[in-house]
Amino acid sequence: MRISLISLAASLVAPALALSASRCTPETFTPYLTSNASLVYAVPYSPNDTFVGPMSNYSGLPEYCAVYVNISSSSSSSYEFGLWLPTTTWNKRYIAYGNGGFTGQIAFDDMAPGLFYGFATVSTNTGHNSTVHEAGDAQWALNAPEVRTDWGWRALHGSVAMGKILTEAFYSEDIKYSYYSGCSTGGRQGLKSLQMFPEDFDGVLAGACAWWTSHMQNWDLKVATYNLPNNASHHITEELMDVLGAEVLRQCDAVDGLKDNIITNGYACDFRPETLLCDSPTANTSTCFNADQIDTVKKIYGGWIDVNQTFVFPSIAYGAESQLAQMIMTDDDEQDSPSGIAYPRDFIYNDPDWPWQNLDLETIQLSDKLDPGNATADDFDLRPFMKRGGKLIHYHGFADGEIPTSSSIYFYNQVLKTLKPLGVDLDQFYRFYLIPGMEHCLDSVHDAPWYIASANQPSGLTATNTWSVPGFKDRKHDALMALMSWVENGTSPTELIATKFVDDNPTLGVQAQRPLCPYPQEAKYTGGDWNTTSAFTCTKT
């Protein structure tokens, strides 16, 4: 009887993995810990067991060993990480998942899908414990420089390094490939890692990167101040933001040549907010804007240019109004603490009573000088990562109202300006994708296809234990698989395909799919059903 090589390999691997399940004990890991590390637990889990997390519970996962470690990073700081090791399906690969905002929480929501791929998965709490509901809260950073450093880079790098040691000890085998996936702060972590520690990962999947920490975090506050105080004539209400969004869609939808409720490029639209001006003193002010409110609109979309035409931060894209409303709306009793105040208050000035009215160019200059935690990922010379064979896939949603899409475009162009004069072709190691209609990291407006199986995204679907792209588990539809194929087989990604499931529920089927083109290409409509990939082709803009 002929036995295929694949079957033979599986028969050789299975006994080792079965043995590893019995090794899920503290005694297996403790000898490999450094003197500043302590094991909190090592517990085996079967598919029938439930892992109780800080925000969610997880069951029905492939059999795995759950490990939790605490590492003292200084006399005044420490960080933790979780490590999940599959005991029946390890694919010889290792993946780290990033975090969001200022939240101190291990990304169990991403680690769970990672197990289905067969990865050994790791994630850190970044040096403090909080919840997703506190993503904009950074009081933990007040007068805590070492904790900021953990958040900035040290917790991820240290967790990844120790996690690799424990993984190889558990399996008594070397890790074959190491990957990273993260969005928002997680995107920044990925870029920072490949800049500071190019050997940490073979491939990085980074989305909506909050990379320009010293500027972007202050921009969060700046854009909120445009709409304060709430009783001013220039204040835009949440109701009017809906009116603005509808008018943006009306003016910008067909700019790409297709009227389909999806704005392909929010920066290609010559939007005229004056069309929203009230036409009489008695007009319904809940459906039209006064002149001062029009000025606020222009400020919001104008980017941050300060004194002497100093460029501080790029602009939000037209089409991001849904999430943008959350950024600029402040309750009457919270005007002393508008959105975005945490970074200058808690990181820069170390003053819990710092008034937002003091935000100015000097705040930016001080932020650049201090760069608390060394968090900013602005080393655009990526040659060390490239030369060791590393691959980077970077993406950003065009309807992102939390981090301007143009900040990622700016990053790409800065890398291009740095490396092209040196004879480096970015396409050999760096691909960048813009996703029309996608909001911050996941979800979309007007049912635009957004799902590419990247970090945070499985939790945005209604079906439990979703991993990869149901029905399309391949490198065209799954950005992580595209990265793996590029790293391991040299198959560089061209177009990716974004998917929108009916009601974001994979069990209900696919509602629409669209190709995503590597920047600076753009998907152009060529005819046919616009909910299918065949209706578009990638062309240079």
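Treat the numbers as computed from the prediction; the structure is a model and nothing was measured.

Details of the overall build of the protein
When helices and strands are counted, the protein shows 14 helices and 17 strands. Against the compact-globule benchmark of 24 Å for 541 residues, the protein has a radius of gyration of 24 Å, which places it among compact chains. Intrachain contacts of the protein at a sequence separation of at least 6 include 68% that bridge at least 24 residues. Carbon and sulfur atoms provide 50% of the accessible area of the protein, an area that totals close to 21600 Å². Separation between the mean location of the 32 positive side-chain charges and that of the 61 negative ones in the protein comes to 11 Å.

With respect to the domain arrangement of the protein
You can read the domains of the protein as domain 1 (16–173), domain 2 (176–211 + 377–540) and domain 3 (217–329). For domain 2 and domain 3, the distance between their C-alpha centroids amounts to 27 Å. The interface of domain 2 with domain 3 comprises 25 residues on the first partner and 25 residues on the second. Both sides of the domain 2 and domain 3 interface together cover about 2100 Å² of buried area, and 62% of this is carbon and sulfur. Together, Phe398, Gly401 and Pro404 form the three largest contributors to the area buried by domain 2 at its contact with domain 3, with a combined 25%.

Re the state of the cysteines
The final tally for this structure, using the stated rule, is 5 disulfides. A disulfide bridge connects Cys252 with Cys269, and the sulfur atoms are separated by 2.1 Å. Judged by the sign of its S-S torsion, about -75 degrees, the cystine formed by Cys252 and Cys269 is left-handed. Of the two residues, Cys252 is situated in helix α7 (residues 238–252) and Cys269 in the loop between α7 and α8 (291–300); the sequence distance between them amounts to 17 residues. The pair Cys252 / Cys269 is uniform in exposure class, with both members buried. Two residues, Cys517 and Cys538, share a disulfide whose sulfurs are 2.1 Å apart. One quick way to see it: the torsion about the S-S bond of Cys517 and Cys538 is about -85 degrees, and its sign makes the bridge left-handed.

A word on the pattern of salt bridges
What the rule picks out here adds up to 14 salt bridges. Residues Arg154 and Glu146 are paired through a salt bridge, measuring 2.8 Å at the closest nitrogen-oxygen approach. Salt-bridge contacts for Asp427 lead to Arg431; the nearest nitrogen and oxygen are separated by 3.6 Å. For Arg431, a relative accessible area of 10% gives the class buried.

Each value, and the rule that gives it
Residues numbered from 1 in each chain as written. Predicted model: local features only at pLDDT ≥ 70, side-chain atom pairs only at ≥ 80, totals over all residues. Heavy atoms only, no water. Helix = DSSP H or I, 4+ residues; strand = E, 2+ residues; numbered from the N terminus. Rg over C-alpha atoms; globule rule 2.2 N^0.38 Å. Contact = heavy atoms within 4.5 Å. Areas by Shrake-Rupley, 256 points an atom, 1.4 Å probe, with all protein chains shown as cover. Lys, Arg positive; Asp, Glu negative; His and termini not counted. Charge placed at Lys NZ, Arg CZ, Asp CG, Glu CD. Domains from an automatic or database assignment. Buried area = accessible area lost by both parts, 1.4 Å probe. Disulfide = S-S within 2.5 Å. Buried < 20%, exposed > 50% of the residue type's maximum accessible area, 1.4 Å probe, protein only. Salt bridge = Lys/Arg side-chain N within 4 Å of Asp/Glu carboxyl O.

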